[in-house]
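Observations on chain architecture
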Amino acid sequence: ITDFSTGSICGPGTVSLLATANTGAVNWYASSNSNIKINIGTKFTTPTINTTTDYYVDATLNGCTTLSRTAVTATINLIPSITSVVPSSNCGIGTVTLIATASVGTVIWHTAATGGGDLGIGSSFTTPIIGSTTTYYVDAISNGCTTATRTTVTATIHPIPVISKITPNSNCGPGTITLSATANIGTINW
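**Quick word on the overall build of the protein**
The helix and strand tally for the protein stands at zero helices and 20 strands. Whereas a compact globule of 190 residues would reach a radius of gyration of roughly 16 Å, the protein reaches 32 Å, over 25% beyond that. Expressed along its principal axes, the backbone C-alpha trace of the protein runs to roughly 120 × 30 × 20 Å. Out of the 190 residues belonging to the protein, those deemed buried represent 26%. Element-wise, carbon and sulfur atoms account for 54% of the exposed surface of the protein, whose accessible area totals about 11300 Å². Where the 5 positive side-chain charges of the protein centre and where its 5 negative ones centre are 11 Å apart.

This is the structure in structure tokens:
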């Protein structure tokens, strides 16, 4: 065997492998000591496999066979998934720190559900200064394999309440006095 080419895919499926010999027919086997050929030729496409699997090749010509078999690996790379997200919020205009965790690989933050620009890399992302609630999108990549869809993570901006009106009051002599105040939103605290 003069040359071989391993192969890989994302998730379960078939993998294309190659092997060449200086002369003769290239034979493929499921194990290093099997007598059953599963393919003859320089190209071999595996059956559907779920895990990384080694296949073995030798070459034969006129009844002569290579002294040993060469292992050729069909690699199944895991497809990452986003396993958790932690949205966050801020009171008024500012930055918000969001968190996402992937099953494997590197977390990547985006501006859109598909396409769009990449904003950052890593499990933690701090938004630019924002003035309104904004949705961000996160996926992960590992060995060239990317999550099937992006997951949304929301950075919420809560408006800051403002006391919009106060009403003072008075009383003749000792006693209780009722005061009032109005806010644009929220609960008034005294």
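So that's the structure; there's more coming.
**As for the environment of Ile166**
Relative to the elements of secondary structure, Ile166 occurs in strand β19 (residues 163–167). The spatial distance from the C-alpha of Ile166 to the C-alpha of Ile185 is 14 Å, given a sequence separation of 19 residues. Residues contacting Ile166, with those up to four places away along its chain left out, are Ser180 and Ala181.

**Let's talk about the sheet that holds strand β12 (residues 97–102)**
An order of β10-β12-β15 is seen for the three strands of this open sheet, with the pairing classed as antiparallel. In the strand order of this sheet, the two ends are held by β10 (82–86) and β15 (124–126), each with one partner. Across this sheet, the average inter-strand angle for adjacent strands is 20 degrees, counted without regard to direction. Looking at chain direction, β12 and β15 are connected through three bridges and run antiparallel. Across the sheet, residue Leu98 finds its bridge partner in β15, namely Phe125.

About the cut-offs
All residue numbers here refer to positions counted from 1 along the written sequence of the relevant chain. Local features in a predicted model are, by the rule used here, given only for residues with pLDDT of at least 70; side-chain atom pairs are given and counted only at 80 or more, and totals for whole chains, interfaces and linings are based on all residues. Side-chain descriptors were evaluated using all non-hydrogen atoms of the structure, hydrogens and water having been removed beforehand. Helix and strand definitions here come from DSSP, where helices need a minimum of 4 consecutive H or I residues and strands a minimum of 2 consecutive E residues; each element is numbered from the N-terminal end. Only C-alpha atoms enter the radius of gyration, while the globule expectation follows 2.2 Å times N to the 0.38, with N the number of residues. Exposure categories follow from relative accessible area, calculated using a 1.4 Å probe and restricted to protein chains: below 20% of the type maximum is buried, above 50% is exposed, and the middle band is partly exposed. The Shrake-Rupley method, run with a 1.4 Å probe, gives the accessible areas here. Residue values count only the displayed protein chains as cover. The charged-residue count follows a simple rule in which Lys and Arg add positive charge and Asp and Glu add negative charge, with His and chain termini not counted at all. Where a charge sits is defined by one atom per residue type, namely NZ (Lys), CZ (Arg), CG (Asp) or CD (Glu). Only heavy atoms enter the contact rule, under which two residues are in contact if any of them lie within 4.5 Å. Note on pairing: DSSP must find at least two bridges between two strands before they are called paired. Every axis corresponds to a line fitted to the C-alpha atoms, with the helix fit spanning only the stretch in contact, and the corresponding angles, defined between N-to-C directions, vary from 0 to 180 degrees.

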